[in-house]
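Descriptive analysis of the structure
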Amino acid sequence: MASKITDMSEIRKVIKLYCDGKSKLFISSYLSLSRNKVKKYISLFEVLGLSFELIDEKTDPELELLFSQTNVESISSKLQTLHNFFPKMERELKKVGITIQHTWEQYIDINPDGYRSSQFAHHYKAWSKRVNTVMHMNHKAGDKMYVDYAGKTLSIIDNDTGEIKKVQFFMTILGASQYMYAEASMSQQKEDFVTSVENAMRFF
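Residues numbered from 1 in each chain as written. Predicted model: local features only at pLDDT ≥ 70, side-chain atom pairs only at ≥ 80, totals over all residues. Heavy atoms only, no water.

Another point: the overall build of the chain. Across its full length, the chain holds nine helices and four strands. Along its sequence from the N terminus, the chain presents helices and strands in the succession α-α-α-α-α-α-α-α-β-β-β-β-α. Each of the 204 residues in the chain was classed as buried or not, and the buried ones make up 32%. Looking at the chain alone, contacts between residues at least 24 apart form 51% of all its contacts between residues at least 6 apart. Carbon and sulfur atoms provide 53% of the accessible area of the chain, an area that totals close to 13,500 Å². (Helix = DSSP H or I, 4+ residues; strand = E, 2+ residues; numbered from the N terminus. Buried < 20%, exposed > 50% of the residue type's maximum accessible area, 1.4 Å probe, protein only. Contact = heavy atoms within 4.5 Å. Areas by Shrake-Rupley, 256 points an atom, 1.4 Å probe, with all protein chains shown as cover.)

Structure (structure tokens):
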């Protein structure tokens, strides 16, 4: 296990120096690594199309899985351009209301000869699956209930006054069965939150 952690440390150092503009020969000498190993790490890094910051955010097990599942193979400049677009796209998708279609429109504006929307979505799904390793968890039935509020607020209309009021969208899910409960809540304040949790537990 210790050797694997050392390998991941080597990868981080190699990629950091490479991103700082150091040559492969310098990196090999500076880190006392073989040229082939340095070349392999850098080639894998380029195929992934990730920034050093995204690489450095990953845990050692995630990084090990990411590099072990990636093959060094020549890819077209067109696909490499697409891979380089994905890290920024992934950050955009975390914003409320942004969809893959929106990001494709941004991509195609910059790259008129790029991939069509269906191919774009296919390549993104494959890329995302490779770089975002999932740690699977086993759940006991009835053991855990996860709670959160959805990103977008909803609206309700007061029947008496016609006033439109913003409400929060409260959601829960059971870990094992994925059974869900959701309700509109007037706020995310403590009293409303506790009431929503109690309603969910009664429902389940």
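A word on the environment of K39. Within the secondary structure, K39 is located in helix 3 (residues 35-48). Taking relative accessible area as the criterion, K39 reaches 48% and is therefore assigned partly exposed. Placed twelve residues apart in sequence, K39 and I27 show a C-alpha to C-alpha distance of 9.8 Å.

Looking now at the packing of aromatic side chains. For the coordinates displayed, the defined rule picks out 13 aromatic pairs. Seen from their ring centres, F203 and F204 are 5.6 Å apart, and the 65° between their planes marks the pair as edge-to-face. Among the aromatic residues, ring-to-ring pairing joins F85, F86, Y107, F120 and Y124 into one connected group. (Phe/Tyr/Trp six-rings, centres within 6.5 Å; stacked < 30°, edge-to-face > 60°.)

To continue, consider the environment of M201. With respect to the helices and strands, the residue M201 is situated in helix 9 (residues 190-203). The spatial distance from the C-alpha of M201 to the C-alpha of Y181 is 9.1 Å, given a sequence separation of 20 residues.

A word on helix 5 (residues 60-68). Each α-helix turn comprises 3.6 residues. Residues three or four places apart therefore point the same way. All buried positions along helix 5 are accounted for by E62, L63, L66 and F67. All buried residues of helix 5 project into a common sector of 120° when viewed along the axis, lining one side. (Arc of directions from axis to C-beta.)

This model, assessed by the stated rule, comprises seven salt bridges. E92 is the partner of K95 in a salt bridge, and the nearest nitrogen-oxygen pair spans 2.9 Å. Here E92 falls in the buried class, since its relative accessible area comes to 17%. Connected through shared salt-bridge partners, R12, D56 and D60 make up one network. (Salt bridge = Lys/Arg side-chain N within 4 Å of Asp/Glu carboxyl O.)

The next point concerns unusual backbone geometry. Phi is positive for S32, close to 55°, though the residue is something other than glycine. By secondary structure assignment, the location of S32 is in the loop between helix 2 (24-30) and helix 3. Here S32 falls in the exposed class, since its relative accessible area comes to 66%. At Q178, a residue that is not glycine, the phi angle is positive and equals roughly 65°. One can find Q178 in the loop between strand 3 (164-174) and strand 4 (180-185). We classify Q178 as partly exposed; its relative accessible area is 48%.

Let's shift gears to the pairing of strand 4. Within a regular beta strand, the side chains point alternately toward one face of the sheet and then the other, so they alternate between its two faces. In strand 4, alternate side chains face the same way, and those of Y181, E183 and S185 are buried while those of M180, A182 and A184 on the opposite face are not. Looking at chain direction, strand 3 and strand 4 are connected through six bridges and run antiparallel. Counterpart to I173 in the pairing with strand 4 is M180. Linking strand 3 back to strand 4 in an antiparallel pair, the connection comprises five residues, with Q178 at a positive phi of about 65°. (Pairing = 2+ DSSP bridges.)

A word on the nonpolar core. Counting 18 residues, the largest nonpolar core has I11, V14, I15, I55, L63 and F67 as its most contacted members. Contributing elements (two or more residues each) for this core: helix 1 (2-19), helix 3, helix 4 (52-57) and helix 5. Considering every element that reaches this core, the biggest residue donor is helix 3, with six residues. Setting aside anything within four residues of it in sequence, one finds I11 in contact with Y41, L63 and F67. Residues L82, F85, M89 and Y107 belong to the second largest nonpolar core, which totals twelve residues. (Core = buried A, V, L, I, M, F, W, Y, C linked by side-chain atoms within 4.5 Å.)

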